[in-house]
Every structure is written in structure tokens, then in C-alpha cells.
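Chain by chain, the residues run as shown.
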Amino acid sequence: VEQPKPAALHKVARAYDVPFPTLMQWAGYLEADDAQLSPNQAMALRVLGDPSDDELRALREIIKVLRARGSATATPFAADRPLDPETRQEIVRYAYALLHEAGVDSRPTPLHVVQSAAGLVAAGELTLTPKDRDRLVSRFGGWVSRAWQNLLGAMDFREDAIWVKPDLHPKRERWVRAHEIGHAILPWQRETFAYLDDQTRLNDATAALFEREANEVAAEILFQGKQLQDEADGSPITLEGICELAALFDTSIVATARRVADRTGQECAVAIAHQGRDGWLGPTHLYCSRSFEARFRWQAGRRPENEIRTALRSAALIVRRNEVSLPDARAERAALRLETLNTGYAAIATFVRDGAVRRFVRDRAHALGAR
Ligand SMILES: [Zn+2]
């Protein structure tokens, strides 16, 4: 059984008039900043009035069951794991409302207009107070300065201000800004952050989930809902087409390729490996369209690691095209069009089922002939 996600709990809290942070705590999304959970647990229980012993026992059972079942604290979220449909639906709703509010009707998305519509201002220089710094250093040691350098953006909920690291690559800057807007407009995140204090923090899995949610909002805002999918599905997917779409939406090729694979109705898989300064490729991230996954089951553990890595390693600064034949989940050979590109930041490989391309062309011809 899946643990109800924060987006779902937020709806429950509204419907039943239960304090949302209490539900978040019961579900194990929040945890004590130190060993003692009691002050916050007590606070959570106090909110419910004055429970009897039986009620307390029941509450403890619920907490136990919620924790043991999905154990949000024990489930490591794979970074690429897609969000559940209900969370996605909520994200689409809030992102759409914001785009509508901002009156966005052109591409690329005018991000500063969207930011103002969300009621957010630009933060000044971001600094740590000496006290914050000491606290962080005592807890995380040398990791603090490293994390600080890697910090790309931040959302300050008290000031409704967004900070984006200066001098980022413009496309990166757009992504980070849209991501921080995402943190700001999802009410369950806003209310959770408002509740955090010195005693409480998000557990790691929840923090990772919130990051993925913010990324999903960023994609919704930058690709304007179904706009990218409509464009991508107007013709068979190619890497050159993805590059053109990236230019149209003013987004990185990597983010565009990922979103195309995520949403297209065509049979398509995209493999991405980020490239370090020294030229070494990082781990493979794989994104498969629903129909591709149904046929090949790569995300379910059947991905041909060697073929994918070889393709990524051979990627060059121009798009290269190849035909490969790989077994599908029923061990039948399927022809795939493989294209590779190295953007300088990442190696990208797309696998598009050739039959799908042929069928697409044929259907197009029919449609044109019927006219
Ligand atoms: Zn974030």
C-alpha cells in the first residue's frame, strides 16, 4: 500500500478540517531535528484537543501503521521516480492557475511576469547568519561550504522572495527560478515550511519529494502544460526536433528531452548522462514514454545498460543517427532509431521505435490523402 503523499494529505486536511502539519507528522514526513520528537508530537496532539487514553492509544497505532507501511523515512526515493498521479494532477492545477493569472500567451514563458503574478520578489544577496552557520557546521561539518557552493536557488517563505545564484547559464537560471516558484505555489509545501522550526525538519525522502514536485512545477511553467507535447507529437520525435523545441521554449536540451519522453504519445526513451568538467560521464538517467515502457519495460529493470552506455559514450557535438535492434519485454526484436548528441554539458541518447515512425508517416499520408 502506498503512503498518501503530501498533496493528498493537504486535500484531506482541508476536507476534514484537520491541521495539515499534524497529518504530515503522523505520516512520518517530518522528523525531529534531534533525538527528541516529543515537543512537536505533543504540539500535534494538543491541536486535537484533549484526547482520552484510548484515543491516544489509537493515535499511536495510526502513527505506527503509517510509518511502518510506506515508511516515508525508510523508502529512498529514486531521483527519477515519477510523481504519483494525484500529486501530478494537483501540480498541474496550481501551475495552470498561475500561468492563467499571469496571462501567459506566448513562448518562451516570460518568467518574471509569472514570478510577479505569484507575488514573489527577488531576494537580495543570500547570506548565513554566524549563528545559523555555526549550527549547520556543527551538524554537517565541512559539507556546509560545499552545499553552499552548490546552492543554485532558494525560496524565502517569510519574505516571499526568490534568490537565484548570480551568473548561472541563462537556461539554468530560468529552470532554477521556475523551480523556486514551484516551492512557493504548492500550498502543502508552503504550509509545511511554515511549520518547520528548530525542532522539526523534513526527513530526507520528503525533502527529495518536494524537490521533484518543484521540478514538476518548473516543467509545467516553462513548457506551458501540454504545449510541448502538442508540438513534439506533431511529427516523429528526433533529437534535432528536440533541439528546436528547446530553442522555442528557451529551455535546456536536457530538460526538453526529458519532458518530451515523459509526455509523448510516441514510443520513445531518452537516456541522459551529465558530463563533468573532466569529460567523465555521470550515471545514466532514463526516461521512457508510457507506450515505450509498456513494450520494453526498461524502467522496470530490463534496460540494456551496455547498449545505452555505449551510445552515450559515443555521443558527439553533432546529432548522429543509427538503427539498432533490441529485444522487447517479450524477447521479440524491435527496430529502434537511435540518435545521440553531446551538448557539452550532457550526453543524450534517444531511442524511438522505428515501427512507430513508419506507422506515423503512413497515418500522415492517409490523413493527407483523405483530405
Ligand atoms: Zn528546491
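Residues numbered from 1 in each chain as written. Predicted model: local features only at pLDDT ≥ 70, side-chain atom pairs only at ≥ 80, totals over all residues. Heavy atoms only, no water.

Notes on the overall build of the protein
On a plain count of helices and strands, the protein comes out with 18 helices and ten strands. Per-residue burial over the protein gives 44% buried out of 371 residues. Partitioning the contacts of the protein with sequence separation of at least 6, the portion at a separation of at least 24 is 64%. Approximately 19900 Å² of the protein is accessible, and the part contributed by carbon and sulfur atoms is 52%. (Helix = DSSP H or I, 4+ residues; strand = E, 2+ residues; numbered from the N terminus. Buried < 20%, exposed > 50% of the residue type's maximum accessible area, 1.4 Å probe, protein only. Contact = heavy atoms within 4.5 Å. Areas by Shrake-Rupley, 256 points an atom, 1.4 Å probe, with all protein chains shown as cover.)

A look at the nonpolar core
By size, the foremost hydrophobic cluster in this structure holds 41 residues, and its most contacted members are Val114, Ile181, Trp188 and Ile221. Where this core is concerned, the elements lending two or more residues are helix 1 (6–16), helix 2 (20–26), helix 5 (85–102), helix 6 (111–117), strand 4 (161–164), helix 9 (170–185), helix 10 (187–195) and helix 11 (204–222). Setting aside residues no more than four positions away along its own chain, Ile221 makes contact with Leu98, Leu99, Thr109, Leu111, Val114, Ala178 and Ile181. Membership of the second largest hydrophobic core comes to 22 residues, among which are Ala255, Ala261, Ile348 and Val352. (Core = buried A, V, L, I, M, F, W, Y, C linked by side-chain atoms within 4.5 Å.)

Some details on the sheet that holds strand 3 (residues 153–156)
Pairing in this open sheet of three strands is mixed, and the strands run 2-4-3 from one edge to the other. Sheet topology places strand 2 (121–122) and strand 3 at the edges, where each strand pairs with a single neighbour. As paired strands, strand 2 and strand 4 are joined by two bridges and run parallel to one another. Among the inter-strand pairings, Ala122 is bridged to a residue of strand 4, identified as Ile162. Packing of helix 9 onto the sheet brings it into contact with strand 3 and strand 4, and relative to strand 4 it is tilted by some 150°. (Pairing = 2+ DSSP bridges. Axes fitted to C-alpha atoms, helices over the stretch in contact; angles between N-to-C directions.)

Comments concerning unusual backbone geometry
Between Arg107 and the following residue, Pro108, the backbone shows a cis peptide bond with an omega angle of -5°. In this fold, Pro108 is placed in the loop between helix 5 and helix 6. Positioned with a positive phi, Gln224 is a non-glycine residue whose angle comes to about 50°. Mapping Gln224 onto the fold places it in the loop between helix 11 and helix 12 (227–232). Residues other than glycine seldom take positive phi values, yet Ala331 does so here, at roughly 65°.

A few points about the side chain of Arg353
When you line up the elements, Arg353 lands in strand 10 (residues 346–353). Side-chain polar atoms of Arg353 contact the side chain of Glu267, separated by 3.0 Å. (Polar contact = N/O pair within 3.5 Å; in protein donor to acceptor, adjacent residues only side chain to side chain.)

Side note on the coordination of the zinc ion
Tetrahedral coordination by four donors sets the ideal angle at the metal to 109.5 degrees; octahedral coordination by six donors sets it to 90 or 180 degrees. The coordination sphere of the zinc ion contains the protein donors His179 (NE2), His183 (NE2), Glu211 (OE) and Glu211 (OE), at a distance range of 2.1 to 2.6 Å. Classification of the site at the zinc ion as irregular follows from its four donor atoms and the range of 53 to 127° in their angles at the metal. Counting gaps between the donor residues of the zinc ion yields the pattern H-x3-H-x27-E. You can see His179 and its partner His183 sitting in helix 9, four residues apart, about one turn around the helix. Judged by its relative accessible area of 8%, His179 is buried. Residue His183 is classed as buried on the basis of its relative accessible area of 6%. (Donors = N, O, S within 2.8 Å, 3.2 Å for Na, K, Ca; no water. Tetrahedral: all angles 85-135°; square planar, octahedral: opposite > 155°, others 65-115°.)

Regarding helix 13 (residues 239–249)
When helix 13 is considered as a whole, its buried residues turn out to be Leu239, Ile242, Leu245, Ala246 and Phe249. What you see down the axis of helix 13 is that its buried residues fit within an arc of 110°, all on one side. Exposed residues pointing more than 90 degrees away from the buried face of helix 13 are listed as Glu244 and Ala247. Next to the buried residues of helix 13 lie helix 9, helix 11, helix 12, helix 14 (253–263), strand 9 (333–342) and strand 10. The first or second residue beyond helix 13 is Asp250, which carries a positive phi of 55°. (Arc of directions from axis to C-beta.)

Here we look at the pairing of strand 6 (residues 268–274)
The element strand 6 is largely enclosed, with a buried count of six among its seven residues. Note: strand 6 against strand 10, seven bridges, orientation antiparallel. Opposite Ala273, over in strand 10, you have Ala347 as the bridge partner. Where strand 6 lies against strand 7 (residues 285–288), four bridges are found, and the strand directions are antiparallel. Across the sheet, the residue bridging to Ala271 is Leu286, located in strand 7.

Comments concerning the sheet that holds strand 6
Read from one edge to the other, the open sheet built from five strands follows the order 7-6-10-9-8, with strand pairing classed as antiparallel. Of all the strands in the sheet, the pair left with one neighbour each is strand 7 and strand 8 (320–327). The sheet shows a mean angle of 20° between the axes of neighbouring strands, taken without regard to direction. As defined by bridge partners, strand 8 adjoins strand 9 across eight bridges and the pair is classed as antiparallel.

Geometric values such as these leave the question of function open.
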